[in-house]
Amino acid sequence: MKDTADIKTGDTITISSKPASDMLPGYKEVRPMVFCGLYPVETSDYEKLKAALGRLRLNDAAFVYSSESSVALGFGFRCGFLGLLHMEIIQERVRREHDVDIISTYPSVVYHVIKHGDVKIEVDNPVNLPDPGEIVEIQEPTIKASIHIPNDAMGDILSLIMEKRGVVDHTDTLDMNRVMLTCTLPLNEILVDFNDRLKSITHGYGSMDYELGEYRAADLVKMEILVNGDPVDAFASIVHRDKAEGKGRELCEKLADIIPPQMFKVAIQAAIGGKIIARDNVKEMRKDVTAKCYGGDISRKRKLLDKQKEGKKKMKQFGRVSIPSDAFIKVLKTN
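Throughout this description, residue numbers start from 1 for each chain and increase along the sequence as written. A pLDDT threshold of at least 70 governs which residues receive local features in this predicted model, and a stricter bar of 80 or more applies before side-chain atom pairs are shown or counted, although totals over entire chains, interfaces and linings include all residues. Hydrogens and waters are ignored; side-chain quantities use all the structure's heavy atoms.

### So, the pairing of strand β13 (residues 237-240)
Working step 1: Side chains of β13 alternate between two faces, with Ser-237 and Val-239 and Ile-238 and His-240 buried alike.
Working step 2: Following DSSP output, two strands are said to pair if at least two bridges run between them. Per the convention used, a helix needs a DSSP run of H or I reaching at least four residues, while a strand needs a run of E reaching at least two, with both numbered from the N terminus. Pairing geometry for strand β11 (residues 220-227) and β13, over four bridges, is antiparallel. Within β13, the position partnered with Val-221 by the bridge is Val-239. Remark: exposure states derive from per-residue accessible area (1.4 Å probe, protein chains only) relative to the maximum for the residue type, with buried under 20%, exposed over 50%, and partly exposed in between.

### Brief notes about the nonpolar core
Working step 1: Counting 29 residues, the largest nonpolar core has Ala-145, Ile-147, Ile-161, Leu-185, Phe-194 and Met-208 as its most contacted members.
Working step 2: Secondary-structure elements contributing two or more residues to this core are β5 (111-115), β7 (135-150), α3 (154-163), β9 (178-186), α4 (187-190), α5 (194-201) and β10 (207-218).
Working step 3: A total of six residues in this core trace back to one element, the largest contributor, which is β7.
Working step 4: Phe-194 has contacts with Ile-147, Leu-160, Ile-161, Lys-164, Leu-185, Glu-189 and Met-208, leaving out every residue within four places of it along the chain.
Working step 5: Among buried residues, those of type Ala, Val, Leu, Ile, Met, Phe, Trp, Tyr and Cys that are joined through side-chain atoms within 4.5 Å constitute a nonpolar core. Core analysis: the next-biggest nonpolar cluster, separate from the first, contains 19 residues, Val-227, Cys-252, Val-266 and Ala-278 among them. We call two residues contacting when some pair of their heavy atoms lies within 4.5 Å.

### Description of the pattern of salt bridges
Working step 1: Salt bridge, as applied in this entry: a Lys or Arg side-chain nitrogen positioned within 4 Å of an Asp or Glu carboxyl oxygen. Tallied over the full model, the rule gives 16 salt bridges.
Working step 2: Across the pair Arg-95 and Glu-92 runs a salt bridge, and its minimum N-O distance is 3.9 Å. You can see Arg-95 and its partner Glu-92 sitting in helix α2 (residues 84-98), three residues apart, about one turn around the helix.
Working step 3: A relative accessible area of 31% means that Glu-92 is categorised as partly exposed.
Working step 4: For Arg-241, the salt bridge is made with Asp-219, and the minimal N-O distance between the two is 3.2 Å. In this pair, Arg-241 sits in helix α6 (residues 241-258) while Asp-219 sits in the loop between β10 and β11, placing the two residues 22 residues apart along the sequence.
Working step 5: According to the relative accessible area criterion, Arg-241 is partly exposed, its value standing at 45%.
Working step 6: A relative accessible area of 36% means that Asp-219 is categorised as partly exposed.

### Overview of the side chain of His-240
Working step 1: For His-240, the location among the structural elements is in strand β13.
Working step 2: Setting aside residues no more than four positions away along its own chain, His-240 makes contact with Arg-165, Ala-218, Asp-219 and Leu-220.

### Some details on the pairing of strand β3 (residues 74-81)
Working step 1: Counting buried residues along β3, six of its eight residues qualify, which places the element largely inside the surrounding structure.
Working step 2: Here five bridges tie strand β1 (residues 34-40) to β3, and the two strands are oriented antiparallel to one another. Opposite Phe-35, over in β3, you have Gly-80 as the bridge partner.

Structure (structure tokens):
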């Protein structure tokens, strides 16, 4: 063994002269539930981030990563986690233990995009999605999931599956208290909060295993988030058209709360192509320019307020909005 990366938890190592006939039972490869991109804020920290992820991988078998690059964010890594809490812990450890400042992207999966002329391409980053006029259809990956739950959680879990555009194929009663649901779900829908909500509804007694299924065509669109009119690549996502407006509004509201108040009014917008589907505003700071005016003619106060308004208008033309790096994690947190 030259490299510890070649070893998986559960591998059985034996003597070559007297090898074991069977491997140790009970070990199973952990399947990541959430995937996202991690990028260093400073491009010079790429090798440092690579070493940090390699060390974390040694003592965390559930964490997986591979190299990837983004036009907007440069070189980074596509990482897989068990859930949002796991993702937050890994990111915090990278920052604290290895002193690397990082940015994370919105979780996504690999889509098959069929363009005119029967050209098929794979897209794992919403930024790389072709122009809508070139696309014939977008196919998303599905999973075959086996969900073990207590009987009394049946109604809530069925509602959750329907909300995530899933279909229950059949149910099996295991005993007086437990049921197993076999269902088909879009992989993209279970990435962020499905496992967390499953555990919450079943008070920790529910569990899920899944295997990748086939790719199916769906009415998917690219949703962009615009901050002060500029698209933010890290928040771009591919969503189902029916859910785009709700998700866009939710993202805009969260971002408006997370981004610190600015000197001028900043619009947070969700857009599909050229159509704005949701909007919210970041709070603006306002200095009381009339504080020194004691009485006197109202026109003096009006003059000062108009001057302030003109200054803010000019600032809005040239001003830039800085988004805190922890905004990406806070946006993904569910209530």
